[in-house]
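# Overview (structure and organization)
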Amino acid sequence: MKAFVRTNGLNDKVELQEITIPQIDDNEVLVEVRAFGVGMHDRYFIPPNVTFPYTIGSEGAGVIVEMGSEVSGFELGDRVILSSSFQLKGGCWAQYAAVSSQMLVAMPNEISFTQGAAIPVAGKTALESLRTLDCKAGETLFVAGASGAIGTIVTQLAKNRGIRVIGSASSKNHPHLLSLGAEKAVDYSIAEWKDQIKHWMPEGVDAALAIHRGTSKDSMDIVKAGGKVVTVSGDKVDSEREIKVEQMQHQLSIQEAVNMLIQDMVEKKLHLVIEHVYSFEQALDALEKTETGHARGKLVVSMEEA
(Lines give C-alpha, C1' and ligand atoms only; values in the text may rest on other atoms or scores of the structure.)
Protein backbone atom coordinates (compact mmCIF):
# COMPACT_ATOMS: atom_id res chain seq x y z
CA MET A 1 0.00 0.00 0.00
CA LYS A 2 0.97 3.66 -0.28
CA ALA A 3 1.67 5.40 3.01
CA PHE A 4 3.23 8.58 4.35
CA VAL A 5 5.94 7.44 6.74
CA ARG A 6 8.71 8.53 9.03
CA THR A 7 11.79 6.65 7.88
CA ASN A 8 13.80 6.96 11.10
CA GLY A 9 13.88 8.50 14.55
CA LEU A 10 16.77 10.85 13.85
CA ASN A 11 14.82 13.45 11.88
CA ASP A 12 11.17 14.36 11.33
CA LYS A 13 11.08 13.99 7.54
CA VAL A 14 7.94 12.34 6.13
CA GLU A 15 8.01 10.45 2.82
CA LEU A 16 5.48 8.71 0.59
CA GLN A 17 6.49 5.04 0.26
CA GLU A 18 5.15 1.64 -0.78
CA ILE A 19 4.99 -0.54 2.35
CA THR A 20 3.34 -3.78 3.43
CA ILE A 21 -0.31 -3.70 4.51
CA PRO A 22 -0.32 -4.28 8.29
CA GLN A 23 -1.47 -7.65 9.63
CA ILE A 24 -4.23 -7.55 12.26
CA ASP A 25 -4.41 -9.32 15.61
CA ASP A 26 -7.55 -11.01 16.98
CA ASN A 27 -8.82 -7.80 18.60
CA GLU A 28 -8.10 -5.56 15.62
CA VAL A 29 -9.67 -4.57 12.33
CA LEU A 30 -8.18 -3.51 9.02
CA VAL A 31 -9.74 -0.32 7.69
CA GLU A 32 -9.58 0.84 4.10
CA VAL A 33 -8.95 4.52 4.73
CA ARG A 34 -11.15 6.92 2.76
CA ALA A 35 -10.06 10.16 4.45
CA PHE A 36 -7.76 11.29 7.25
CA GLY A 37 -7.48 14.40 9.36
CA VAL A 38 -4.34 16.54 9.37
CA GLY A 39 -2.93 17.49 12.77
CA MET A 40 -0.19 19.89 13.79
CA HIS A 41 1.75 17.11 15.52
CA ASP A 42 1.20 14.25 13.07
CA ARG A 43 4.82 14.05 11.98
CA TYR A 44 6.05 13.95 15.61
CA PHE A 45 3.51 11.72 17.39
CA ILE A 46 5.03 8.27 17.09
CA PRO A 47 5.46 5.67 19.83
CA PRO A 48 8.94 4.91 21.20
CA ASN A 49 10.85 1.93 19.85
CA VAL A 50 8.74 1.50 16.71
CA THR A 51 9.85 -0.25 13.56
CA PHE A 52 10.57 2.07 10.63
CA PRO A 53 9.19 2.97 8.18
CA TYR A 54 6.34 4.07 10.44
CA THR A 55 3.06 5.41 9.04
CA ILE A 56 2.06 8.71 10.63
CA GLY A 57 -1.44 9.97 11.42
CA SER A 58 -3.89 10.14 14.29
CA GLU A 59 -7.43 10.11 12.89
CA GLY A 60 -9.36 8.93 9.88
CA ALA A 61 -12.50 7.40 8.47
CA GLY A 62 -13.05 4.43 6.21
CA VAL A 63 -14.55 0.98 5.74
CA ILE A 64 -13.77 -2.25 7.61
CA VAL A 65 -12.31 -4.82 5.19
CA GLU A 66 -10.93 -7.39 7.65
CA MET A 67 -11.80 -8.31 11.24
CA GLY A 68 -10.04 -10.23 13.99
CA SER A 69 -11.78 -13.22 15.59
CA GLU A 70 -12.37 -11.41 18.91
CA VAL A 71 -13.95 -8.27 17.45
CA SER A 72 -17.64 -7.77 18.15
CA GLY A 73 -20.10 -4.97 17.49
CA PHE A 74 -18.86 -4.35 13.94
CA GLU A 75 -19.31 -6.00 10.55
CA LEU A 76 -17.29 -6.14 7.36
CA GLY A 77 -18.20 -3.14 5.24
CA ASP A 78 -19.12 -0.92 8.19
CA ARG A 79 -18.32 2.78 7.82
CA VAL A 80 -16.19 3.80 10.79
CA ILE A 81 -14.25 6.66 12.35
CA LEU A 82 -10.90 5.61 13.79
CA SER A 83 -8.30 7.00 16.14
CA SER A 84 -4.82 5.76 15.25
CA SER A 85 -2.68 7.89 17.53
CA PHE A 86 0.42 6.08 18.83
CA GLN A 87 -0.66 2.74 17.34
CA LEU A 88 2.35 0.43 17.17
CA LYS A 89 1.36 -0.74 13.68
CA GLY A 90 1.23 2.80 12.37
CA GLY A 91 -1.28 5.57 11.81
CA CYS A 92 -3.85 6.23 9.14
CA TRP A 93 -1.94 8.32 6.58
CA ALA A 94 -2.14 5.31 4.29
CA GLN A 95 -4.49 3.30 2.15
CA TYR A 96 -5.07 0.85 5.03
CA ALA A 97 -4.77 1.04 8.81
CA ALA A 98 -4.87 -1.65 11.52
CA VAL A 99 -6.45 -0.51 14.79
CA SER A 100 -7.96 -1.98 17.93
CA SER A 101 -11.75 -2.19 17.85
CA GLN A 102 -11.73 0.03 20.96
CA MET A 103 -10.45 2.85 18.76
CA LEU A 104 -13.39 2.60 16.35
CA VAL A 105 -16.71 4.43 16.24
CA ALA A 106 -19.58 3.49 13.92
CA MET A 107 -20.26 6.33 11.48
CA PRO A 108 -23.87 7.08 10.49
CA ASN A 109 -24.73 7.65 6.84
CA GLU A 110 -25.44 11.33 7.58
CA ILE A 111 -21.71 11.84 8.18
CA SER A 112 -19.30 11.86 5.21
CA PHE A 113 -15.86 10.27 5.33
CA THR A 114 -14.34 13.76 5.15
CA GLN A 115 -16.37 14.91 8.15
CA GLY A 116 -15.67 11.73 10.09
CA ALA A 117 -11.92 12.12 9.61
CA ALA A 118 -12.06 15.64 11.04
CA ILE A 119 -13.76 14.74 14.33
CA PRO A 120 -11.55 12.69 16.69
CA VAL A 121 -8.59 14.86 17.71
CA ALA A 122 -10.05 18.37 17.60
CA GLY A 123 -13.48 17.22 18.78
CA LYS A 124 -12.27 15.22 21.75
CA THR A 125 -9.92 18.06 22.76
CA ALA A 126 -12.76 20.59 22.52
CA LEU A 127 -15.07 18.49 24.69
CA GLU A 128 -12.41 17.84 27.31
CA SER A 129 -11.37 21.50 27.34
CA LEU A 130 -14.92 22.55 28.16
CA ARG A 131 -15.17 19.91 30.87
CA THR A 132 -11.94 21.15 32.43
CA LEU A 133 -13.09 24.78 32.22
CA ASP A 134 -16.44 23.85 33.82
CA CYS A 135 -18.07 27.15 32.79
CA LYS A 136 -21.72 27.67 33.64
CA ALA A 137 -24.45 29.17 31.46
CA GLY A 138 -24.15 32.94 31.40
CA GLU A 139 -20.41 32.99 32.15
CA THR A 140 -17.90 34.46 29.73
CA LEU A 141 -15.14 32.49 28.02
CA PHE A 142 -12.21 33.81 26.00
CA VAL A 143 -10.88 31.37 23.40
CA ALA A 144 -7.36 32.11 22.17
CA GLY A 145 -7.12 30.77 18.63
CA ALA A 146 -10.86 30.43 18.16
CA SER A 147 -10.84 30.04 14.37
CA GLY A 148 -8.77 26.83 14.36
CA ALA A 149 -9.96 23.23 14.39
CA ILE A 150 -10.38 23.06 18.17
CA GLY A 151 -11.56 26.64 18.62
CA THR A 152 -14.38 26.45 16.08
CA ILE A 153 -15.80 23.41 17.87
CA VAL A 154 -15.34 24.90 21.35
CA THR A 155 -17.11 28.07 20.27
CA GLN A 156 -20.18 26.17 19.09
CA LEU A 157 -20.31 23.76 22.02
CA ALA A 158 -19.95 26.63 24.49
CA LYS A 159 -22.72 28.63 22.81
CA ASN A 160 -24.98 25.57 22.92
CA ARG A 161 -24.41 25.47 26.69
CA GLY A 162 -25.29 29.14 27.15
CA ILE A 163 -21.68 30.27 27.64
CA ARG A 164 -20.79 33.68 26.18
CA VAL A 165 -17.73 33.40 23.93
CA ILE A 166 -15.17 35.94 22.79
CA GLY A 167 -12.48 34.63 20.49
CA SER A 168 -9.19 35.79 19.05
CA ALA A 169 -8.56 35.32 15.35
CA SER A 170 -7.20 37.20 12.38
CA SER A 171 -9.61 39.90 11.24
CA LYS A 172 -10.54 38.00 8.05
CA ASN A 173 -11.99 35.20 10.22
CA HIS A 174 -14.11 37.44 12.46
CA PRO A 175 -17.38 37.21 10.46
CA HIS A 176 -17.07 33.43 10.37
CA LEU A 177 -16.34 33.24 14.09
CA LEU A 178 -19.38 35.38 14.90
CA SER A 179 -21.52 33.15 12.67
CA LEU A 180 -20.51 30.17 14.84
CA GLY A 181 -21.85 31.85 17.97
CA ALA A 182 -19.09 34.04 19.37
CA GLU A 183 -20.39 37.34 20.75
CA LYS A 184 -17.19 39.21 19.98
CA ALA A 185 -13.95 38.64 18.08
CA VAL A 186 -10.59 40.39 18.48
CA ASP A 187 -7.53 40.46 16.26
CA TYR A 188 -4.55 39.07 18.19
CA SER A 189 -2.13 40.83 15.82
CA ILE A 190 -3.01 44.32 17.04
CA ALA A 191 -1.72 45.80 20.29
CA GLU A 192 -5.14 46.91 21.59
CA TRP A 193 -6.92 43.56 21.60
CA LYS A 194 -6.77 43.19 25.38
CA ASP A 195 -8.13 46.70 25.82
CA GLN A 196 -11.01 45.80 23.51
CA ILE A 197 -11.92 42.87 25.74
CA LYS A 198 -11.62 44.96 28.90
CA HIS A 199 -13.93 47.58 27.35
CA TRP A 200 -16.48 44.80 26.73
CA MET A 201 -15.93 43.13 30.10
CA PRO A 202 -14.24 45.64 32.50
CA GLU A 203 -13.58 43.15 35.31
CA GLY A 204 -12.36 40.50 32.89
CA VAL A 205 -13.87 37.31 31.55
CA ASP A 206 -14.67 34.36 33.80
CA ALA A 207 -12.34 31.92 32.06
CA ALA A 208 -9.98 31.51 29.12
CA LEU A 209 -8.90 28.61 26.94
CA ALA A 210 -5.33 28.90 25.60
CA ILE A 211 -5.14 26.46 22.72
CA HIS A 212 -1.78 27.30 21.14
CA ARG A 213 1.60 27.38 22.84
CA GLY A 214 2.53 30.83 24.10
CA THR A 215 -1.02 32.15 24.55
CA SER A 216 -1.59 31.33 28.23
CA LYS A 217 -0.01 34.46 29.73
CA ASP A 218 -1.91 36.80 27.41
CA SER A 219 -5.10 34.89 28.17
CA MET A 220 -4.54 35.31 31.90
CA ASP A 221 -4.25 39.08 31.46
CA ILE A 222 -7.92 39.38 30.48
CA VAL A 223 -9.36 36.90 33.03
CA LYS A 224 -10.93 38.35 36.15
CA ALA A 225 -9.37 37.83 39.59
CA GLY A 226 -10.21 34.35 40.84
CA GLY A 227 -11.02 33.13 37.33
CA LYS A 228 -9.60 30.19 35.43
CA VAL A 229 -7.21 29.55 32.54
CA VAL A 230 -7.04 26.15 30.87
CA THR A 231 -4.13 25.42 28.55
CA VAL A 232 -4.23 22.80 25.81
CA SER A 233 -0.62 23.05 24.66
CA GLY A 234 0.98 22.45 28.05
CA ASP A 235 2.12 26.04 28.59
CA LYS A 236 3.65 26.56 32.02
CA VAL A 237 2.69 29.92 33.54
CA ASP A 238 2.61 31.18 37.11
CA SER A 239 -0.76 32.02 38.57
CA GLU A 240 -1.57 35.58 39.56
CA ARG A 241 -4.57 37.39 41.07
CA GLU A 242 -5.76 34.00 42.42
CA ILE A 243 -6.45 32.77 38.90
CA LYS A 244 -6.46 28.98 38.65
CA VAL A 245 -4.25 27.66 35.83
CA GLU A 246 -4.86 24.08 34.74
CA GLN A 247 -3.82 21.79 31.92
CA MET A 248 -6.69 20.28 29.95
CA GLN A 249 -7.62 16.92 31.46
CA HIS A 250 -8.26 13.80 29.37
CA GLN A 251 -11.58 12.49 30.69
CA LEU A 252 -13.31 10.74 27.80
CA SER A 253 -12.63 7.66 25.70
CA ILE A 254 -12.45 8.24 21.97
CA GLN A 255 -15.73 6.38 21.56
CA GLU A 256 -17.53 8.50 24.18
CA ALA A 257 -16.28 11.76 22.71
CA VAL A 258 -16.90 11.00 19.05
CA ASN A 259 -20.37 9.60 19.67
CA MET A 260 -21.34 12.77 21.54
CA LEU A 261 -20.11 14.94 18.68
CA ILE A 262 -21.79 12.79 16.03
CA GLN A 263 -25.09 13.21 17.83
CA ASP A 264 -24.69 17.00 17.80
CA MET A 265 -23.83 16.92 14.10
CA VAL A 266 -26.82 14.76 13.17
CA GLU A 267 -29.07 17.12 15.15
CA LYS A 268 -27.50 20.12 13.35
CA LYS A 269 -26.14 21.56 16.61
CA LEU A 270 -22.53 21.36 15.45
CA HIS A 271 -20.97 22.30 12.12
CA LEU A 272 -17.48 21.00 11.43
CA VAL A 273 -15.40 23.73 9.86
CA ILE A 274 -13.18 22.25 7.14
CA GLU A 275 -11.04 24.82 5.38
CA HIS A 276 -9.85 22.61 2.55
CA VAL A 277 -9.90 19.00 1.38
CA TYR A 278 -6.64 17.81 -0.17
CA SER A 279 -5.93 14.82 -2.40
CA PHE A 280 -3.74 11.98 -1.14
CA GLU A 281 -0.84 13.24 -3.24
CA GLN A 282 -1.17 16.69 -1.61
CA ALA A 283 -1.02 15.40 1.97
CA LEU A 284 2.39 16.89 2.76
CA ASP A 285 1.15 20.29 1.58
CA ALA A 286 -1.74 19.93 4.01
CA LEU A 287 0.63 19.02 6.83
CA GLU A 288 2.84 22.04 6.20
CA LYS A 289 -0.23 24.31 6.09
CA THR A 290 -1.52 22.96 9.40
CA GLU A 291 1.89 23.37 11.03
CA THR A 292 1.72 27.11 10.39
CA GLY A 293 -1.12 27.31 12.92
CA HIS A 294 -3.15 29.53 10.60
CA ALA A 295 -5.77 27.19 9.18
CA ARG A 296 -9.46 28.05 9.58
CA GLY A 297 -10.96 24.93 11.08
CA LYS A 298 -9.66 21.55 9.96
CA LEU A 299 -7.69 20.31 6.97
CA VAL A 300 -8.56 16.86 5.63
CA VAL A 301 -7.05 14.54 3.04
CA SER A 302 -9.53 12.51 0.98
CA MET A 303 -8.66 9.42 -1.03
CA GLU A 304 -11.57 10.30 -3.31
CA GLU A 305 -10.24 13.74 -4.27
CA ALA A 306 -8.63 13.97 -7.70
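In this report, we go over the structure that sits alongside the text. In this numbering scheme, every chain counts its residues from 1 along its sequence in written order. In keeping with the model being predicted, local features are shown solely for residues with a pLDDT of at least 70 and side-chain atom pairs are shown and tallied solely at 80 or more, while totals for entire chains, interfaces and linings include all residues. Side-chain figures throughout are based on the complete set of non-hydrogen atoms in the structure, without hydrogens or water.

## Here we look at the nonpolar core
The definition of a nonpolar core used throughout is a set of buried Ala, Val, Leu, Ile, Met, Phe, Trp, Tyr and Cys residues joined through side-chain atoms within 4.5 Å. Burial classification: accessible surface area is computed with a 1.4 Å probe over protein chains only, and a residue below 20% of its type maximum counts as buried, one above 50% as exposed, and the rest as partly exposed. Counting residues in each nonpolar core, the largest one holds 48 residues, and the members touching the most others are Ile 119, Leu 133, Leu 141, Ile 153, Val 154 and Leu 209. If near-sequence neighbours (up to four positions away) are discounted, Ile 119 is found in contact with Glu 59, Ile 81, Lys 124, Val 258, Leu 261, Ile 262, Met 265 and Leu 272. The next biggest cluster of nonpolar side chains, apart from the first, holds 26 residues, and it includes Phe 36, Phe 74, Val 80 and Trp 93. Throughout, a contact is declared for two residues whenever any of their heavy atoms are within 4.5 Å.

## Focus: the side chain of Ser 219
Runs of H or I in DSSP of at least four residues are treated as helices and runs of E of at least two as strands, each being numbered from the N terminus. The residue Ser 219 is located in helix H6 (residues 216-221) in this model. Beyond its immediate sequence surroundings of up to four residues, Ser 219 is in contact with Phe 142, Ala 144, Ala 208 and Ala 210.

## A look at the packing of helix H2 (residues 120-133) against helix H7 (residues 254-266)
Where H2 contacts H7, the two axes come as close as 9 Å, and the packing angle between them is 90°. On the basis of their axis angle, the class for H2 and H7 is roughly perpendicular. Contacts between H2 and H7 involve Pro 120, Gly 123, Lys 124, Leu 127 and Arg 131 from the first element and Ile 254, Ala 257, Val 258, Met 260 and Leu 261 from the second. Of the residues in the contact of H2 with H7, the class split is seven nonpolar, one polar and two charged. Axis definition: a line fitted to C-alpha atoms, over the contacting stretch in the case of helices. Angles run 0 to 180 degrees between N-to-C directions. For classification purposes, an angle smaller than 35 degrees is called roughly parallel, one larger than 145 roughly antiparallel, one from 65 to 115 roughly perpendicular, and anything else oblique. Polar here means any residue other than Ala, Val, Leu, Ile, Met, Phe, Trp, Tyr, Cys and Pro, which are nonpolar, and Asp, Glu, Lys and Arg, which are charged; Gly is therefore polar.

## Quick look at the sheet that holds strand S4 (residues 54-55)
Should DSSP find at least two bridges between two strands, the strands are taken to pair. Across the sheet, which stays open at both edges, the three strands sit in the order S2-S1-S4 with antiparallel pairing between neighbours. Strands with a single pairing partner mark the edges of an open sheet, and in this sheet they are strand S2 (14-18) and S4. Looking at chain direction, strand S1 (residues 2-6) and S4 are connected through two bridges and run antiparallel. Along S4, the bridge assignment pairs Arg 6 with Tyr 54.

## A closer look at a nonpolar patch on the surface
Residues forming no salt bridge and having over 30% relative accessible area are the ones grouped into patches, like charges within 9 Å of each other and nonpolar side chains (Val, Leu, Ile, Met, Phe, Trp, Tyr) within 5 Å. Reported accessibility uses the Shrake-Rupley method at a 1.4 Å probe radius. Residues are deemed covered only where the shown protein chains occlude them. We define a salt bridge as a contact between a side-chain nitrogen of Lys or Arg and a carboxyl oxygen of Asp or Glu at a distance within 4 Å. Nonpolar side chains collect at one region of the surface, where Tyr 44, Phe 45 and Phe 86 lie side by side and expose about 300 Å² of accessible area between them. For Phe 45, the position within the fold is in the loop between strand S3 (28-38) and S4. Look at Phe 45 and you get partly exposed, because its relative accessible area is 36%.

## Let's talk about the pairing of strand S13 (residues 223-231)
A regular strand places its side chains on the two faces of the sheet in alternate fashion. Examined bridge by bridge, strand S12 (residues 205-210) and S13 share five bridges and lie parallel to one another. Bridging across to S13, Ala 207 finds its partner in Lys 228. By the bridge criterion, four bridges tie S13 to strand S14 (residues 244-247) in an arrangement that is parallel. By the bridge assignment for S14, Thr 231 is matched with Gln 247.

## What to know about the pattern of salt bridges
Per the counting criterion, the structure on display carries 18 salt bridges. Put simply, Glu 304 and Arg 34 hold a salt bridge, and the shortest N to O gap is 3.8 Å. Here Glu 304 is found in the segment after strand S16 (298-302), whereas its partner Arg 34 is found in strand S3, with 270 residues between them in sequence. Linking Glu 183 and Arg 164 is a salt bridge whose minimum nitrogen-to-oxygen distance equals 2.9 Å. On the criterion of sequence distance, the pair formed by Glu 183 in the loop between helix H4 (174-179) and strand S11 (184-186) and Arg 164 in strand S10 (residues 164-168) is long-range, its members being 19 residues apart. Judged by relative accessible area, which is 41%, Glu 183 ranks as partly exposed. Within this structure, Lys 194, Lys 217, Asp 218 and Asp 221 form a network of salt bridges that share partners.

## Some words on the packing of aromatic side chains
Aromatic rings from Phe, Tyr and Trp, taking only the six-membered ring of Trp, are treated as a pair when their centres fall within 6.5 Å; an angle between ring planes under 30 degrees marks them as stacked, one over 60 as edge-to-face, and anything in between as tilted. Counted according to the given criterion, the structure contains six aromatic pairs. Look at Phe 4 and Trp 93: their rings are 5.9 Å apart centre to centre, the planes differ by 90°, and that puts the pair in the edge-to-face class. Remark: Trp 93 occurs in the loop between strand S6 (79-83) and strand S7 (96-100) and Phe 4 occurs in strand S1; sequence separation between them is 89 residues. Given a relative accessible area of 2%, Phe 4 falls into the buried group. The exposure class assigned to Trp 93 is buried, which follows from its relative accessible area of 0%. Linked through ring pairs, Phe 4, Phe 36, Trp 93 and Phe 280 together constitute an aromatic cluster. Charges are assigned to positions over rings by a cutoff of 6 Å between ring centre and Lys NZ or Arg CZ, combined with an angular limit of 35 degrees from the ring normal. Here the basic side chain of Arg 79 rests over the ring of Phe 113, its NZ or CZ set 4.7 Å away from the ring centre.

## A word on the sheet that holds strand S9 (residues 140-144)
In sheet architecture, strand pairing relies on hydrogen bonds along the backbone and comes in two forms, parallel and antiparallel. Read across the sheet, six strands follow the order S11-S10-S9-S12-S13-S14 without closing on themselves; strand pairing throughout is parallel. Each of the sheet's edge strands pairs with one partner strand only, and the pair in question is S11 and S14. Strand-to-strand twist of the sheet, defined as the mean angle between neighbouring strand axes without regard to direction, takes the value 20°. On the sheet, helix H3 (residues 149-160) packs against S9, S10 and S12 and is oriented at approximately 170° with respect to S9. Taken strand by strand, helix H5 (residues 193-200) contacts S9, S10, S11 and S12, and its axis lies near 160° from that of S11.

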